[in-house]
Amino acid sequence: MKPNALCPGTSLLLAAIVTASAASPVFDWPQHDSTRPHPAIIDPGTAGTADKPGRPPSDATVLFDGSSLGQWAALDGTAPKWIVKDGVLECVRDSGYIRTLQAFGDCQLHVEWAAPIPAQGTSQGRGNSGVFLMGLYEVQVLDSYENVTYADGQASAAYGQFPPLVNAARPPGQWQTYDILFTRPRFNDDGKVKSPARLTVLHNGVLVQNNVELVGPTGWLRRDPYQAHEDKLPLSLQDHGNPVRYRNVWVRELGADAKRREFVYDHATLDKLAGSFQTNDGAKVKVMRAGDLLQATISYPGRSLDFLMHAESKTRFYIRSFDGEVNFKTDDSGRAESAVLRVGPDDKPARRE
Ligand code: MG
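Bear in mind the structure is a predicted one, so any value in this text is a computation, not a measurement. (Residues numbered from 1 in each chain as written. Predicted model: local features only at pLDDT ≥ 70, side-chain atom pairs only at ≥ 80, totals over all residues. Heavy atoms only, no water.)

**Quick look at the layout of surface pockets**
Empty space within the largest pocket amounts to approximately 500 Å³. Lining the largest pocket are 30 residues, with His229, Glu230, Leu233, Pro234 and Asp292 positioned closest to its centre. For the lining of the largest pocket, the secondary structure elements donating two or more residues are β5 (98–104), β14 (233–237), β16 (262–263) and β20 (303–311). Broken down by element, the lining of the largest pocket gets its largest block of residues, three residues, from β14. In terms of residue class, the lining of the largest pocket is made up of 16 nonpolar, seven polar and seven charged. Of the residues that make up the lining of the largest pocket, three or more belong to each of domain 1 (10–20 + 45–259) and domain 2 (267–352). (1 Å grid on protein atoms, 1.4 Å probe; cavity = no way out; pocket = protein on both sides within 12 Å on 5 of 7 lines; lining within 4 Å. Points joined across faces, edges and corners; volume = space filled by probe spheres on them. Helix = DSSP H or I, 4+ residues; strand = E, 2+ residues; numbered from the N terminus. Nonpolar A, V, L, I, M, F, W, Y, C, P; charged D, E, K, R; others polar. Domains from an automatic or database assignment.)

**Some points on the environment of valine 131**
Among the structural elements, valine 131 can be located in strand β7 (residues 129–133). Judged by relative accessible area, valine 131 falls into the buried class, the value being 2%. Separated by ten residues in the primary sequence, valine 131 and valine 141 place their C-alpha atoms 6.9 Å from one another. Beyond its immediate sequence surroundings of up to four residues, valine 131 is in contact with Leu109, Val111, Tyr137, Glu138, Val139, Val141, Tyr178, Ile180, Ser236 and Leu237. (Buried < 20%, exposed > 50% of the residue type's maximum accessible area, 1.4 Å probe, protein only. Contact = heavy atoms within 4.5 Å.)

**Considering a nonpolar patch on the surface**
On the surface, Leu165, Val166, Val206 and Leu207 cluster together into a nonpolar patch covering about 310 Å² of accessible area. Of note, leucine 165 is situated in the loop between β8 (137–141) and β9 (176–183). (Patch = residues over 30% accessible without salt bridge, like charges linked within 9 Å, V, L, I, M, F, W, Y side chains within 5 Å. Areas by Shrake-Rupley, 256 points an atom, 1.4 Å probe, with all protein chains shown as cover. Salt bridge = Lys/Arg side-chain N within 4 Å of Asp/Glu carboxyl O.)

**A look at the pattern of salt bridges**
Counted under the stated rule, the structure contains 22 salt bridges. Across the pair arginine 186 and aspartate 106 runs a salt bridge whose closest N-O atoms are separated by 2.9 Å. Within this pair, whereas arginine 186 is found in strand β10 (residues 186–187), its partner aspartate 106 is found in the loop between β5 and β6 (107–114), the two being separated by 80 residues in sequence. Overall, the relative accessible area of 10% leaves aspartate 106 in the buried class. The residue arginine 223 makes a salt bridge to aspartate 152 at a minimum N-O spacing of 4.0 Å. Taken together, the positions of arginine 223 in the loop between β13 (206–213) and β14 and aspartate 152 in the loop between β8 and β9 put the pair 71 residues apart, joining distant regions of the chain.

**Quick notes on the nonpolar core**
If you look at the biggest cluster of nonpolar residues, it comprises 41 residues, and the most contacted ones within it are Leu109, Leu133, Ile180 and Leu199. Per-element tally for this core: the top contributor is β6, with four residues. Leucine 133 has contacts with Cys107, Leu109, Val139, Ile180, Phe182, Leu199 and Leu235, leaving out every residue within four places of it along the chain. Ranked by size, the runner-up nonpolar core spans 25 residues in total, among them Tyr265, Leu270, Ala283 and Val287. (Core = buried A, V, L, I, M, F, W, Y, C linked by side-chain atoms within 4.5 Å.)

**Notes on the environment of aspartate 33**
Locating aspartate 33 in the fold gives a position in the loop between α1 (8–22) and β1 (61–64). On the basis of relative accessible area, aspartate 33 is assigned to the partly exposed category, the value being 22%. A distance of 2.7 Å separates the side chain of aspartate 33 from the side chain of threonine 35, its partner in a polar contact. (Polar contact = N/O pair within 3.5 Å; in protein donor to acceptor, adjacent residues only side chain to side chain.)

**Structural notes on the pairing of strand β17 (residues 275–279)**
Of the two faces of β17, only one is covered, namely that formed by Gly275, Phe277 and Thr279; the face formed by Ser276 and Gln278 stays uncovered. In the sheet, β17 pairs with strand β18 (residues 284–290) via four bridges, with the strands oriented antiparallel. Pairing of glutamine 278 across the sheet is with lysine 284, part of β18. Hairpin connection, β17 to β18: the antiparallel pair is bridged by four residues, and glycine 282 has positive phi, about 90°. (Pairing = 2+ DSSP bridges.)

**Quick look at the environment of threonine 200**
Tracing the backbone through its elements, the reader meets threonine 200 in strand β12 (residues 198–203). Overall, the relative accessible area of 13% leaves threonine 200 in the buried class. Sequence separation between threonine 200 and valine 141 is 59 residues; the distance between their C-alpha atoms is 15 Å. Apart from residues no more than four positions distant in its own chain, threonine 200 is found in contact with Asp179, Ile180, Leu181, Leu207, Gln209, Asn210 and Asn211. Among the polar contacts made by the side chain of threonine 200, one reaches the main-chain amide nitrogen of asparagine 211 at a distance of 2.9 Å.

**What to know about the side chain of aspartate 143**
Tracing the backbone shows aspartate 143 in the loop between β8 and β9. Within polar-contact distance, the side chain of aspartate 143 engages the backbone nitrogen of tyrosine 145 at 3.2 Å. With sequence-adjacent residues up to four places away left out, aspartate 143 is seen in contact with Ala115, Ala119, Arg126, Gly127 and Pro172.

In structure tokens, the structure reads:
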């Protein structure tokens, strides 16, 4: 073929590449544009040592700093039963998984953990726990130092799907680090997968998962397909019956998802906000719990609107489907007495009926 003799499909391909490039954010700005906004300046923190955890970056959300489990709950939102002692969080057998109160989507997550000493058990029975992104996608925690198990179940495996690229495990008792980059799955309106979850993991600073595409939620002896879920869900840590220890857990929310913080509270807390309210301009607002969220119907004569509400705090909720939020005023027991519904620029005070 002559150098300039393009076959018929090539020009189309080139056009597609040019179109894709033009849509890239790189080309939204002239090169070296002095008006292009600079990234935020942060303090990057410090690395940990064998004796002492490091300091998280200044823009991280600290999930466990050694002092309390204030950012955590049992899966049902009630108080967690894992123990905090000497600045370390330890799994308590049969107490159940724990989860964060805050929900996360795309994120950078740092976790330090240590397998129990003396080592007990073999294979999956030795130092087993797990870090679950969105409560669904497990990066395996296991004592994989001189402990053979199936490859896709060893430490830092995307459990049941991808073995780590290398076994970078330290001996039990020594602190180990996971630095995890997670991109949540995206779903179309019809619930089909638009893009799968992606996972990168460094174990003790060594790359062990390189942007792998998860095939669905992780599981034992099963590979379930994706099911559409919320954009943000709590992180959880697994109780697999072994006293695995954790310290210095922090997360940085990434991308557009980072703009709005979201929390998942226990049902009793949400149920106290449910009820019927009436706005000053005569609308009725019925608030109900819908799973872990609140749902509301606002009704004027002849028309009504349903919407879901996501918690930004125990009393402040925002609405995704339009520009709005609801601020509840509660009594000492947490029961909502009144609320202010904001729709666009308009505040609509409402009293419980
Ligand atoms: Mg596990």
